[in-house]
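Fold and geometry: a report
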Amino acid sequence: GRSYPALEYLAKTKPLRVNLTILPDTVATRLVFEDQRVVGIKILRCVMNDLGLANPSAETFVKCNREVILCAGAIGTPKLLQLSALSDCSSSPMS
């Protein structure tokens with residue numbers, strides 16, 4: 001299979017970090033708010049089929065106990081914030 005240096009690094013780090021959860025082949029679809037705080041994220045897990053194509057699963061809620069670190073890149077981060085209604089100040093749960 002294909003390997004990414006960051007995943008290899010994190011795989012070595014994981015046993016040392018009890019507060020870190022790595023979900024490979026997963027796409028975050030939106031942040032979930034309670035009052036003005038992020039309490040979790042909605043995700044899609046991707047499973048490869050026999051043809052090597054990704055089949056997304058049903059959307060799943062993942063509860064976050066302490067903090068959410070959003071790191072989806074220059075394209076993914078603004079998209080996720082927009083899907084979570086944070087890109088427009090008037091629709092922000094923080095306003």
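Focus on the overall build of the protein chain
In terms of regular secondary structure, the protein chain is built from two helices and four strands. Split into buried and exposed, the 95 residues of the protein chain put 13% on the buried side. The long-range fraction of contacts in the protein chain, counting pairs at least 24 apart against all pairs at least 6 apart in sequence, stands at 27%. Of the roughly 7,700 Å² of accessible surface on the protein chain, 58% is carried by carbon and sulfur atoms.

Examining the environment of phenylalanine 33
With respect to the secondary-structure elements, phenylalanine 33 resides in strand E1 (residues 26–34). Considering only alpha carbons, one finds phenylalanine 33 and serine 84, 51 residues apart in sequence, at a separation of 8.8 Å.

Considering the environment of threonine 29
As for its placement among the helices and strands, threonine 29 is situated in strand E1. Here threonine 29 falls in the buried class, since its relative accessible area comes to 17%. Sequence separation of threonine 29 and leucine 80 is 51 residues, and the distance between their C-alpha atoms is 6.4 Å. Look past the residues within four positions of threonine 29 in its chain and what remains in contact with it is Lys42, Ile43, Leu44, Glu59, Leu80 and Leu83. A distance of 2.5 Å separates polar atoms of two side chains, one belonging to threonine 29 and the other to glutamate 59.

Here we look at the pairing of E1
One ladder, built from eight bridges, connects E1 with strand E2 (residues 37–48); its direction is antiparallel. Opposite threonine 26, over in E2, you have arginine 45 as the bridge partner. Between E1 and the antiparallel strand that follows it, E2, lie two residues; aspartate 35 among them carries a positive phi value of about 60 degrees.

Points about the side chain of serine 84
Note that serine 84 resides in the segment after helix H2 (73–83). Judged by relative accessible area, which is 8%, serine 84 ranks as buried. Within polar-contact distance, the side chain of serine 84 engages the backbone nitrogen of leucine 31 at 2.6 Å. Not counting chain neighbours up to four residues away, the residues in contact with serine 84 comprise Arg30, Leu31 and Phe33.

Things to note about unusual backbone geometry
Generally, phi is negative for residues other than glycine and the peptide bonds are trans, each holding for most cases. Of note in this structure, aspartate 35 is not a glycine but carries a positive phi near 60 degrees. Residue class for aspartate 35 comes out exposed when judged on its relative accessible area of 74%.

Quick word on the confidence of the model for the protein chain
Across the protein chain, pLDDT averages 77, with 72% of residues at or above 70. No element of the protein chain has a lower mean pLDDT than helix H1 (residues 5–13), at 69, and none a higher one than strand E4 (residues 60–63), at 92.

Analysis parameters
- Residues numbered from 1 in each chain as written.
- Predicted model: local features only at pLDDT ≥ 70, side-chain atom pairs only at ≥ 80, totals over all residues.
- Heavy atoms only, no water.
- Helix = DSSP H or I, 4+ residues; strand = E, 2+ residues; numbered from the N terminus.
- Buried < 20%, exposed > 50% of the residue type's maximum accessible area, 1.4 Å probe, protein only.
- Contact = heavy atoms within 4.5 Å.
- Areas by Shrake-Rupley, 256 points an atom, 1.4 Å probe, with all protein chains shown as cover.
- Polar contact = N/O pair within 3.5 Å; in protein donor to acceptor, adjacent residues only side chain to side chain.
- Pairing = 2+ DSSP bridges.
- pLDDT = per-residue confidence, 0-100.

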